[in-house]
Every structure is written in C-alpha cells, then in structure tokens.
Amino acid sequence: MKSNIWNILLYVLVFILQVLICNYLDVGAYTYICLIPLLILGIPLKTNINVTILAGFGIGLLLDVFSGGVMGLNAAAATMVAAFRGLIYDNVINRDHRYNTETPSISSIGLESYLLYLTLCTLIYLVVYTFLECIGARPFFFILFRIAISLVIDAALALIISNSILDKESSN
Amino acid sequence: MQRSRLISVISTVLLFIALEVLSIVMVSKNSIVQRYRIMGGVRNSQSAMWNTSRKVQYFINYRVENERLAQENLKLREDLERYRTIMDNRDSLIVEPLYSYIQARVIKNSTNKQYNYIILNKGADKGIKPGMGVITDKGIVGVVNAVEKHHCQVISFLSADQRVSAKLTKNGSFGPLSWNGHSVMNAVMSEIPAHTEVAVGDTISTSGFSTIYPPDIPIGRVAKISENGVALDLTVALFQNFSALQYVYVITNNNIDEIKSLEESNEE
C-alpha cells in the first residue's frame, strides 16, 4: 500500500517535471520534450481500456492547461497512446507477458523490449502532437525532422527516468 | 458472450473517437484564449508563480535601472509620436497623436512552441484591449489576444499564424512577414517582386498598412535572399531577441474606431 502511494507520488513528480519543462526549458523549435508516454505506460496493463483512454485524455488535458500553448494537443496525443499501448504491447512485445507483469518495466520485460515499447508509444505521441501543431503551417520535412530529434531525446530521457527512479521503486 | 464483447469493443472505439474529436476541436479553435478565460483559478495562480520567478530574474538583472530606462523610452516614444503627428498635420491647429503607448512588463513568455504566447502585467484597468499591437524598441512582439483586469495575453509574433505587413526601408517594397518556425531570431518576408533591388543587410520595418502597428518600426535585417518563382523570399534576422523580452509597449491606435467604421461602411 505504502509502495503504491509512493509510486503514485513519483508519477505526480514526473508530471510536475513535465510542466516545468514546458514552462521554463527552452530547447528550440526542433525538440518537444515529453514524458507523458511514460506516465501512460505506468497505468497497469490490466486496467480497463476505457479507463485507460479516459486517464490518458485527462493527463494530456491537464498538461495542456498547465503548460500553455494550444489546448487539445497533448490531450489528442495522450489519448492515442492510451488507446494503442495495449495493442502495441500484445503484438510487438509479447502477449504472454501481459499476465506476468502489471506495469511493464526494464526489470520485468527486459531492456530491449521495454525500449521498443517505450519508443513506439513515444513515436505515436510525437506524430499526433507534431502533426496537429504544425500541419499546414510548416513544411513536411520540418515536421519529420522535429519528430525524429524529439523521439531520440524523449526516449532516452524516459529510459533514464524509468531506470533510475520508477523501475527502482517498483522492483523494491 | 460474443455480443457483450462486441458491445465492449464498440463502446471503446466510440469513446476513443469522441475524445480525439473533442481534442481536435479544441486544437482547431486554437484555444489559448479559451483556456485563459475558463481556467481563471489556474491562471491566477500561474500568473502569481510567473510573476515571482520573473521578479527574481529582474532583481538579478538590475530591475530598477531597467524600469527607469523603460519609462524614459516610453516618454521618448510618445514625444516622437507627437512630433510626427505635428509634421503630418502642419495645416491644423488641434493635433492629437495617432498612437499612444502603455508600458508593460513580460511575466511569461514561451518561445519553443509553434504557437507561442506572452503574458503581460497590465490589463483592462490600464486600458488594454484585444487587437492592440505590442512592440519593443527593437521591433514587433505580437498582438493582444485576451485581457483580464490586471493581465493580458499576447499572441507572439513567433506563432505559425501571425503575419505582419513589412517593407524594405530603403525602397518601400512591402510584403507579409512571418516567423519561419525554426529559430527565434529569424523570420521570412515573402511576395517581394523579383525585380526589387534588395541586398543582404537591408533594413526591414513595419509598413503601417494595418491598424495594429505604426509605420517605420525597425524589425530586422535581410540575412538571405532566395528566389521563389517570380518573387523573392527574404530571410530576416530579427533585431528583437524573443528569449530576452522584458519590457514592451502596447500600442493604442487613437483613430481605431474611425478606421473600423470606414472599413465596415466599405464592406456594406
């Protein structure tokens, strides 16, 4: 019970970190640092899909409210990740693992599988977010370049946070 | 069993589509303003937080000196406007400046999104209204979008849908200027006829063909010239560093009602 509360607190901290990044860290026009996929992947796999989608939408909308910018961008992207993370996990990682692990982590499914899972979910997030933000206003190659750079940075950052804080706690 | 599974799948798909549509509707309304108005409590606490963090920055950056210089600039700008109006109305006895200025401090400024915005510490109580232009001594900043009693929100020039009518200072050739989306220091001026004489280093300023910005406000210098069919695209290095915005001036066009009424009568 205590561990669960501590886990939730850690995810709240990650959300606060995301808000601070959005408000105070200027990383240029080619990068969008997003840790939201990490929060959505933290929702246990056994959770009802409708609840997961609603939670994803809620987290995204909350970030839109606190971070500034256009409302709905993060909500649309987070809803998409929440809807498809189960499919990705079942089809790309391993369907059998779903019943062995509540929340996939490096320690439960291995570094390679977790990195693939995390990268695909982050890619979905970035594709939705970047296209909605830039479509019609920026050239296609700018959008692709932005997604590529953001994906590398976001996946690496999420992996570090997951490995150093979240995974350590769940293994405890 | 199969039927209940089908209903469950359909309900999930419907929920997903409903939430995505809702999100996209919010995006399509570009609802920075919507959030600004609806989330009153959140906004007030955010404003307080941004104000505090900015105050610390100003303390470090010689706040008093900056304030004094900003006031002095405001006075000089008003004097300049007065003299300019006198020059334009030499045959008239009663002269009222066309533009007046309200000095404001930036308390929140985003530069790393495709739609950026700025929060200022002045609002409706100081006479600020939506649609007013915002400038500094180094160029244009944006347009007031939403106003509260003590704060207002400005859509930054660094936004994908912002266009400003600009001209080449040396020959008056004009065209729309917009942010290029890549760097906070560069913008693109387009639709310049290919025969126009232009060189790297030429100055770009506002054309005055709008009710928002006065003419001849310097914006930047031509950094690169590229051909785009029968027109030229000019990459403009902006004078204003948006990452270092501190004090700005909100422009009041004193003839705005008259101009709008003329525009409306033309539309009819």
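Relevant structure appears above.
Residues numbered from 1 in each chain as written. Chains lettered and ligands numbered in written order. Predicted model: local features only at pLDDT ≥ 70, side-chain atom pairs only at ≥ 80, totals over all residues. Heavy atoms only, no water.

Caption draft 1: Spotlight on the overall build of chain A. If you tally the helices and strands in chain A, you get seven helices and zero strands. Looking at chain A as a whole, 52% of its 172 residues qualify as buried. Nonlocal contacts in chain A, meaning residues at least 24 apart in sequence, comprise 68% of its contacts between residues at least 6 apart. Accessible surface computed for chain A: about 7600 Å², of which carbon and sulfur atoms make up 70%. (Helix = DSSP H or I, 4+ residues; strand = E, 2+ residues; numbered from the N terminus. Buried < 20%, exposed > 50% of the residue type's maximum accessible area, 1.4 Å probe, protein only. Contact = heavy atoms within 4.5 Å. Areas by Shrake-Rupley, 256 points an atom, 1.4 Å probe, with all protein chains shown as cover.)

Caption draft 2: Structural context of the environment of Ile135(B). In this structure, Ile135(B) sits in strand S3 (residues 133-136). Excluding residues within four positions of it along the chain, Ile135(B) makes contact with Arg77(B), Tyr101(B), Ile140(B), Val141(B), Tyr213(B), Ile217(B), Val248(B), Tyr249(B) and Ile251(B).

Caption draft 3: Looking closely at the packing of helix H3 (residues 49-67) of chain A against helix H1 (residues 2-28) of chain B. With their axes 9 Å apart at the nearest point, H3(A) and H1(B) run at an angle of 10° to one another. With respect to H1(B), the element H3(A) is oriented roughly parallel. Here Ile49(A), Asn50(A), Ile53(A), Leu54(A), Phe57(A) and Leu61(A) of H3(A) come into contact with H1(B), specifically with Ser11(B), Thr12(B), Leu15(B), Phe16(B), Leu19(B), Leu22(B), Ser23(B) and Met26(B). Grouping the constituent residues of the contact of H3(A) with H1(B) by class yields 10 nonpolar, four polar and no charged. (Axes fitted to C-alpha atoms, helices over the stretch in contact; angles between N-to-C directions. Parallel < 35°, antiparallel > 145°, perpendicular 65-115°, else oblique. Nonpolar A, V, L, I, M, F, W, Y, C, P; charged D, E, K, R; others polar.)

Caption draft 4: View of the pattern of salt bridges. All names here are of chain B. Overall, the coordinates contain three salt bridges over all chains when judged by the stated rule. The closest approach of N and O atoms between Asp-216 and Lys-167, which form a salt bridge, is 2.7 Å. In this pair, Asp-216 is assigned in the loop between strand S9 (203-206) and strand S10 (218-228) and Lys-167 in strand S6 (residues 164-168), connecting sequence segments 49 residues apart. Among the residues examined, Lys-167 registers a relative accessible area of 16% and is labelled buried. Measuring nitrogen to oxygen at the nearest pair gives 2.8 Å for the salt bridge that ties Asp-202 to Lys-170. Remark: Lys-170 occurs in the loop between S6 and strand S7 (174-179) and Asp-202 occurs in the loop between strand S8 (186-193) and S9; sequence separation between them is 32 residues. (Salt bridge = Lys/Arg side-chain N within 4 Å of Asp/Glu carboxyl O.)

Caption draft 5: Molecular detail of the interface of chain A and chain B. Opposite the 38 residues of chain A that make contact, chain B presents 34 residues. Of the roughly 3200 Å² buried between chain A and chain B on both sides combined, carbon and sulfur atoms contribute 60%. Three residues stand out in chain A for area buried against chain B, namely Val70(A), Met71(A) and Arg138(A), and they jointly supply 19% of the buried area on that side. Our enumeration of links across chain A and chain B arrives at seven residue pairs in polar contact (both at pLDDT 80 or more). Counting only elements with at least two residues in the side of chain A that touches chain B, the list comes to helix H1 (2-24), H3, helix H4 (73-94), helix H6 (111-134) and helix H7 (140-171) of chain A. Examining the composition of the side of chain A that touches chain B, we find that 10 residues originate from one element, H3(A), more than from any other. In the side of chain A that touches chain B, the residues fall into 25 nonpolar, eight polar and five charged. (Buried area = accessible area lost by both parts, 1.4 Å probe. Polar contact = N/O pair within 3.5 Å; in protein donor to acceptor, adjacent residues only side chain to side chain.)

Caption draft 6: Summary view of the sheet that holds S6(B). All names here are of chain B. Reading around the barrel, the six strands line up as S6-S7-S8-S11-S10-S9 and close back on themselves, with antiparallel pairing between neighbours. This sheet shows a mean twist of 40° between the axes of neighbouring strands, independent of strand direction. As judged from the three bridges shared by S7 and S8, these two strands associate in the antiparallel manner. Bridging from a neighbouring strand, Ser-178 pairs with Val-188 of S8. (Pairing = 2+ DSSP bridges.)

Caption draft 7: Focus on H3(A). All names here are of chain A. With 19 residues, H3 ought to run about 27 Å at 1.5 Å a step, and its terminal C-alpha atoms sit 27 Å apart, in line with that. When H3 is considered as a whole, its buried residues turn out to be Thr-52, Ile-53, Gly-56, Phe-57, Ile-59, Gly-60, Leu-63, Asp-64, Val-65 and Ser-67. Among the residues of H3, the N-terminal cap falls to Asn-48, whose side-chain oxygen and the backbone nitrogen of Asn-50 are separated by 2.7 Å. Two residues or fewer past H3, Gly-68 is found with a positive phi of approximately 85°. (Expected span 1.5 Å × (residues − 1).)

Caption draft 8: Quick look at the sheet that holds strand S12 (residues 247-253) of chain B. Residues and elements named next belong to chain B. What the six strands build is a closed barrel, ordered S1-S2-S5-S4-S3-S12; its pairing is antiparallel. Taken over all neighbouring pairs, the strand axes of this sheet differ in orientation by 45° on average, direction set aside. With five bridges joining them, strand S2 (residues 115-120) and strand S5 (residues 152-159) adopt antiparallel strand pairing. Pairing of Tyr-115 across the sheet is with Ser-159, part of S5.

Caption draft 9: Structural detail: the packing of aromatic side chains. Applying the stated criterion across every chain yields a total of eight aromatic pairs over all chains. Ring centres of Tyr30(A) and Phe145(A) lie 5.2 Å apart, and the angle between their planes is 80°; this geometry places the pair in the edge-to-face category. Taken together, the positions of Tyr30(A) in the loop between H1 and helix H2 (36-41) and Phe145(A) in helix H7 put the pair 115 residues apart, joining distant regions of the chain. Seen from their ring centres, Phe84(A) and Phe16(B) are 5.8 Å apart, and the 85° between their planes marks the pair as edge-to-face. Here Phe84(A), found in helix H4, pairs with Phe16(B), found in helix H1, and the two come from separate chains. For Phe84(A), a relative accessible area of 32% gives the class partly exposed. On the basis of relative accessibility, which here comes to 16%, the residue Phe16(B) falls in the buried class. Taken together through their ring pairs, the aromatic side chains of Tyr30(A), Phe142(A) and Phe145(A) make up a single cluster. (Phe/Tyr/Trp six-rings, centres within 6.5 Å; stacked < 30°, edge-to-face > 60°.)

Caption draft 10: Summary view of H6(A). All names here are of chain A. Between its first and last C-alpha atoms H6 spans 33 Å; for 24 residues at 1.5 Å apiece the expected length is 34 Å, and the two agree. Within the span of H6, buried status applies to Tyr-114, Tyr-117, Leu-118, Cys-121, Thr-122, Tyr-125, Leu-126, Val-128, Tyr-129, Thr-130, Glu-133 and Cys-134. Of the residues trailing H6, Gly-136 is marked for its positive phi of about 85°.

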